Amino acid sequence: MKKYKLNSLLIVVLLMATVSCKDKMEASGETSNLNDAIEKKVSELLSKMTLEEKIGQMNQYNGFWDVTGPTPSTGDASKKYEHLKKGYVGSMLNVTGVDEVRAVQKIAVEETRLGIPLIIGFDVIHGYETLSPIPLAEAASWDLEAIKKSAQVAAKEASAAGINWTFAPMVDISRDARWGRVMEGAGEDTYLGSKIAIARVKGFQGDDLASPETIAACAKHWAGYGFAESGRDYNTVDVGTSTLNNIIFPPFKAATDAGVRTFMNSFNELNGIPATGNAFLQRDILKGKWGFTGFVVSDWGSINEMIAHGHAKNKKHAAELASNAGSDMDMESYAYVEELANLVREGLVKETLIDDAARRILRIKFELGLFDDPYKYCNKETEKRVIGSQEIQDAVLDMAKKSIVLLKNENALLPLKKEGQKIALIGALAADKTSPLGSWRLAAKDSTAVSVLEGMQDYKSNTLTYAKGADLTLGQTVFPLELIINTTDKSEFPEAIQTAKTADVVVMVLGEHGFHSGEARSRTDLGLPGVQQELLEAIYKVNKNIVLVLNNGRPLTIPWADAHIPAIVEAWQLGTKSGNAIAQVLYGDYNPSGKLPMTFPRSVGQIPIYYNYKNTGRPVIPAPNEVFWSHYTDESNTPLYPFGHGLSYTTFSYNNLLVEKISGEEVKVSVKVKNTGNVAGKEVVQLYIRDIFGSITRPVKELKGFEMVSLGPNKDVKVSFRLTKNELGFFNNEGDFVLEPGDFKVFVGGSSETVLEADFKI
Ligand code: BGC
């Protein structure tokens, strides 16, 4: 009887556990993600694997040549080969090209006991060999289809070179332009960032992960990396619950819902616990609440770095913390391969957790079709045909044009006339064929970008004279080393001044070198680096007709240029076709439609500056000259160029803003947009809301919808948006998504500073 009772109790408990787990999975959509046939194959394979082989799946090694992080002191090539042969390596990164990938895959498949193929990772951030604009620039297009296409062609080119997994998209929101990695994200806004995260994931992964033209994507860096204190890369992150839930998490959730198959954790600590060893992030939120069924890879060496953080006492402890917290794969720490087996034997890590991690990794390998054909990405003919193909060149050129933002255009200096003009082109970046490739350009060859000089030379009916003016950098410019900026040599100024004197228009290409932003490239001064500001002012003295073309990987502080230079074009680092895209915009063959995805500050002291700030209790000046309000005594609160700003060669008007109630929790907003200029153009119509009061204070504005319209001169269109609970609600501090009844405002226009507004109640 006792025995029967115990058994039935056990059955009830087991049933309850199964049911609640199933409910949880269904609620998160997990069941639809899993394929029964694959799960069966994974289970069969797992049952044959030794503990060491399972841990092997959790071990990722860098290739033998390229290094994208600090060079490891252990793990020489011969040891890596030995581990590969034993089946102690589940993945490699930075092994590229059909020959190299085939060589390592052959060892895994033909020389190991179980022949489990490797998953091959690479930073395909904005292209493989043919580069699109840097991700921040792509975000400036607000064109989700183009962004998806850009990721899709990047996947096609990378997969042709043997790669089946990219460490992208980076979906970290950041409000700090000092942080060099803003170039790799979608900017400061959660709503835009979430939409772009979805577009990128779908672009990389397509509808069928098993297709040889798609690759697994990776949402990174989980989490909070973009909030590094003082914008210094890898620095401490300390953020409150509301910011975590409402600003940082949503793009990751959007990527998860879009089916992203892997995550990468981040280097930073979050509220005292390094992300790599953070069970709240990896187990509770990602794999628990969100039901993520893919795997989490550590960032480069981030398991070991928990020792320096002061969280782990040694490598063994770091491996214990990371695996228990849910980091499934170790990138270049050598911690799992060296320590995990002993940790399991000592009972410090449960073998079920190892099984779970290995299962997640094997699942993705099955989904990629690697078990059906481990060499499916290793076809020499495809490699030759696809890399650099016309389709990819066309897509990156299209993306480059769409990414350009016209910041200022006084007296319609732009577009340039196509004939009869003397144009002076000035600036080292104008002739640079490498810098436009940006920071993440590991597979692109130097000097393969079209320079602005080359792009402008296509317009032959004008006279074009080029003068460098000054070098931007000195010596070698390479990915892992500090840049040396020219801060003294102005010997070539006179020649540039002379060239400018006699020109009708001067085009100056100034800004940051491609390696001036990106990982570990934080800056405290966001002005034009080196002697470029002096050069700009020297040229301005002899010719005021200047078009300033900016190349940069982050917002810059350029108040002098804004006050003096009539036309300013934000051209970021636009990739392989950079010069063509810029020339087409300068000459009006392409009418710019980009909008800033990140606020441009007036000065570094304003940072973090972002459009969706909170009002504070003292938002306005109480009386003339009185100090007791939230402000600076030496600078205004407003940005130089706001989020969402971007001009066109035409103008648009906004009228007839109307809000109609659809139901208790839903409204329809419509507005008439008209092209009031003389040429056809595209406009990103932006909708913002403000929830006037809430149990958690709400920002003064929040982007909740946008739509790109294309209009001929004098044409108009009615644009409508639906606002539902998804747009009107927010996460409270318990992590629940709520819609609180009350007063709202809606704003519609061509930037976050739009003035057309209406009120409604929910
Ligand atoms: C970066 C990651 C990158 C990894 C592999 C790290 O240093 O933070 O974003 O994917 O290296 O190259």
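Up top is the structure.
Computed from a prediction, not measured in an experiment: that's the story for all the values here.

Asks: Which residues make up the overall build of the chain, and what values go with them?
Replies: What the chain contains, in helices and strands, is 23 helices and 25 strands. Its C-alpha atoms give the chain a radius of gyration of 27 Å, near enough to 27 Å, the size a compact globule of 762 residues would have. For the chain, the C-alpha atoms occupy an extent of roughly 95 × 60 × 45 Å along the three principal directions. Counting the 762 residues in the chain, one finds 61% classified as buried. If you take every contact in the chain between residues at least 6 apart in sequence, the share linking residues at least 24 apart comes to 78%. About 29200 Å² of surface is accessible on the chain, with carbon and sulfur atoms providing 51% of the total. Measuring between centres, the 83 positive side-chain charges of the chain sit 3 Å from its 94 negative side-chain charges.

Asks: Give me the pattern of salt bridges: which residues, what numbers.
Replies: On inspection of all chains with the given rule, the structure shows 47 salt bridges. For aspartate 257, the salt bridge identified is with lysine 253, shortest N-O distance 2.9 Å. Note that aspartate 257 and lysine 253 are positioned in helix 10 (residues 241-257) at a spacing of four residues, about one turn of the helix. By relative accessible area, which is 30% here, lysine 253 ends up partly exposed. A salt bridge links lysine 287 to aspartate 328; the nearest nitrogen and oxygen atoms lie 2.9 Å apart. Residue lysine 287 is found in helix 11 (residues 279-289), and its partner aspartate 328 is found in the loop between helix 13 (315-325) and strand 10 (330-331); the two are separated by 41 residues along the sequence.

Asks: I'd like to hear about the packing of helix 8 (residues 144-160) against helix 17 (residues 390-403), residue by residue, with values.
Replies: At a minimum axis distance of 10 Å, the contact between helix 8 and helix 17 shows a crossing angle of 150 degrees. Crossing of helix 8 against helix 17: the hand is left-handed. In this structure, helix 8 contributes Ala146, Ile147, Lys149, Ser150, Val153, Lys156 and Glu157 to the contact, and helix 17 contributes Glu391, Ile392, Ala395, Asp398, Met399 and Lys402. Taken together, the residues of the contact of helix 8 with helix 17 sort by class into six nonpolar, one polar and six charged.

Asks: Which residues make up helix 9 (residues 190-205), and what values go with them?
Replies: Between its first and last C-alpha, helix 9 extends 22 Å over 16 residues, near the 22 Å set by a 1.5 Å rise per residue. Taken from the residues just after helix 9, glycine 206 is the one with a positive phi, measuring 60 degrees.

Asks: Could you give an account of the sheet that holds strand 6 (residues 262-265), naming the residues involved and the relevant values?
Replies: To summarise the sheet geometry, strands pair through backbone hydrogen bonds and adopt either a parallel or an antiparallel arrangement. Across the sheet, three strands lie side by side as 5-6-9; this open sheet has parallel pairing. The open sheet has two free edges, formed respectively by strand 5 (218-222) and strand 9 (295-297), since each of these has just one partner strand. Taken over all neighbouring pairs, the strand axes of this sheet differ in orientation by 30 degrees on average, direction set aside. Pairing between strand 6 and strand 9: three bridges, direction parallel.

Asks: Tell me about helix 3 (residues 36-48), and name the residues and values.
Replies: Along an α-helix, residues three or four positions apart point the same way, because every turn accommodates 3.6 residues. With 13 residues, helix 3 extends 19 Å between its outermost C-alpha atoms, agreeing within 8% with the 18 Å of an ideal straight helix rising 1.5 Å per residue. Of the residues making up helix 3, those classed as buried are Ile38, Glu39, Val42, Leu45 and Leu46. Buried residues of helix 3, seen end-on, are gathered within an arc of 130 degrees and therefore sit on one face of the element. Of the residues in helix 3, the exposed ones pointing more than 90 degrees away from the buried face are Asp36, Lys40, Ser47 and Lys48.

Asks: Go over the environment of serine 132 with me, naming the residues and quoting the values.
Replies: For serine 132, the position within the fold is in the loop between strand 3 (119-122) and helix 7 (135-139). On the accessibility criterion, serine 132 (1% relative accessible area) is buried. Apart from residues lying up to four places away in sequence, serine 132 is in contact with His126, Glu138, Ser150, Val396, Met399, Leu574 and Gly575. In this structure the side chain of serine 132 is engaged in a polar contact, spanning 3.3 Å, whose partner is the side chain of glutamate 138. Reaching out from serine 132, the side chain makes a polar contact with the side chain of serine 150 at a distance of 2.9 Å.

Asks: Report on the environment of glutamine 205, specifying residues and quantitative values.
Replies: By secondary structure assignment, the location of glutamine 205 is in helix 9. Here glutamine 205 falls in the buried class, since its relative accessible area comes to 7%. A C-alpha to C-alpha distance of 8.8 Å links glutamine 205 and alanine 151, two positions 54 residues apart in sequence. Setting aside residues up to four positions removed in sequence, glutamine 205 forms contacts with Thr214, Ile215, Ala216, Ala217, Gly259, Val260 and Arg261. Polar contacts involving the side chain of glutamine 205 include one to the main-chain carbonyl oxygen of glycine 259, which spans 2.9 Å. From its side chain, glutamine 205 meets the backbone nitrogen of arginine 261 in a polar contact 3.0 Å long.

Asks: Account for the environment of lysine 315, naming residues and giving values.
Replies: Locating lysine 315 in the fold gives a position in helix 13. Note: C-alpha distance between lysine 315 and aspartate 691 (376 residues apart in sequence) is 48 Å. With near-sequence residues (within four places) excluded, lysine 315 lies in contact with Asn304, Ile307, Ser333, Tyr334, Ala335, Glu338 and Glu339. A polar contact of 3.4 Å, which involves the side chain of lysine 315, links it to the backbone oxygen of serine 333.

Asks: So what's going on with the side chain of lysine 408? Which residues, and what values?
Replies: Residue placement: lysine 408 occurs in strand 11 (residues 405-409). Separated by 2.6 Å, the side chain of lysine 408 and the backbone oxygen of aspartate 562 make a polar contact. Filtering out sequence-adjacent residues up to four positions away, lysine 408 remains in contact with Ala561, Asp562, Ala563, Ile565, Pro566, Ala567, Ile568, Tyr641 and Leu647.

Asks: Describe unusual backbone geometry, with residues and values.
Replies: The peptide bond linking lysine 220 to histidine 221 adopts the cis configuration, its omega dihedral lying at 0 degrees. Turning to its location among the elements, histidine 221 is positioned in strand 5. A cis amide bond links leucine 414 to the next residue, proline 415, at an omega of -5 degrees. Position of proline 415 relative to the elements: it lies in the loop between strand 11 and strand 12 (422-426). Located in the positive-phi region is serine 447, a residue other than glycine, with phi close to 60 degrees. Looking at the element boundaries, serine 447 is found in the loop between strand 12 and helix 18 (452-457). Even without glycine at this site, asparagine 656 takes up a positive phi of about 50 degrees. Among the secondary structure elements, asparagine 656 is positioned in strand 17 (residues 652-663).

The rules behind each value
- Residues numbered from 1 in each chain as written.
- Predicted model: local features only at pLDDT ≥ 70, side-chain atom pairs only at ≥ 80, totals over all residues.
- Heavy atoms only, no water.
- Helix = DSSP H or I, 4+ residues; strand = E, 2+ residues; numbered from the N terminus.
- Rg over C-alpha atoms; globule rule 2.2 N^0.38 Å.
- Buried < 20%, exposed > 50% of the residue type's maximum accessible area, 1.4 Å probe, protein only.
- Contact = heavy atoms within 4.5 Å.
- Areas by Shrake-Rupley, 256 points an atom, 1.4 Å probe, with all protein chains shown as cover.
- Lys, Arg positive; Asp, Glu negative; His and termini not counted.
- Charge placed at Lys NZ, Arg CZ, Asp CG, Glu CD.
- Salt bridge = Lys/Arg side-chain N within 4 Å of Asp/Glu carboxyl O.
- Axes fitted to C-alpha atoms, helices over the stretch in contact; angles between N-to-C directions.
- Left-handed = near helix turned anticlockwise from the far one by under 90°.
- Nonpolar A, V, L, I, M, F, W, Y, C, P; charged D, E, K, R; others polar.
- Expected span 1.5 Å × (residues − 1).
- Pairing = 2+ DSSP bridges.
- Arc of directions from axis to C-beta.
- Polar contact = N/O pair within 3.5 Å; in protein donor to acceptor, adjacent residues only side chain to side chain.

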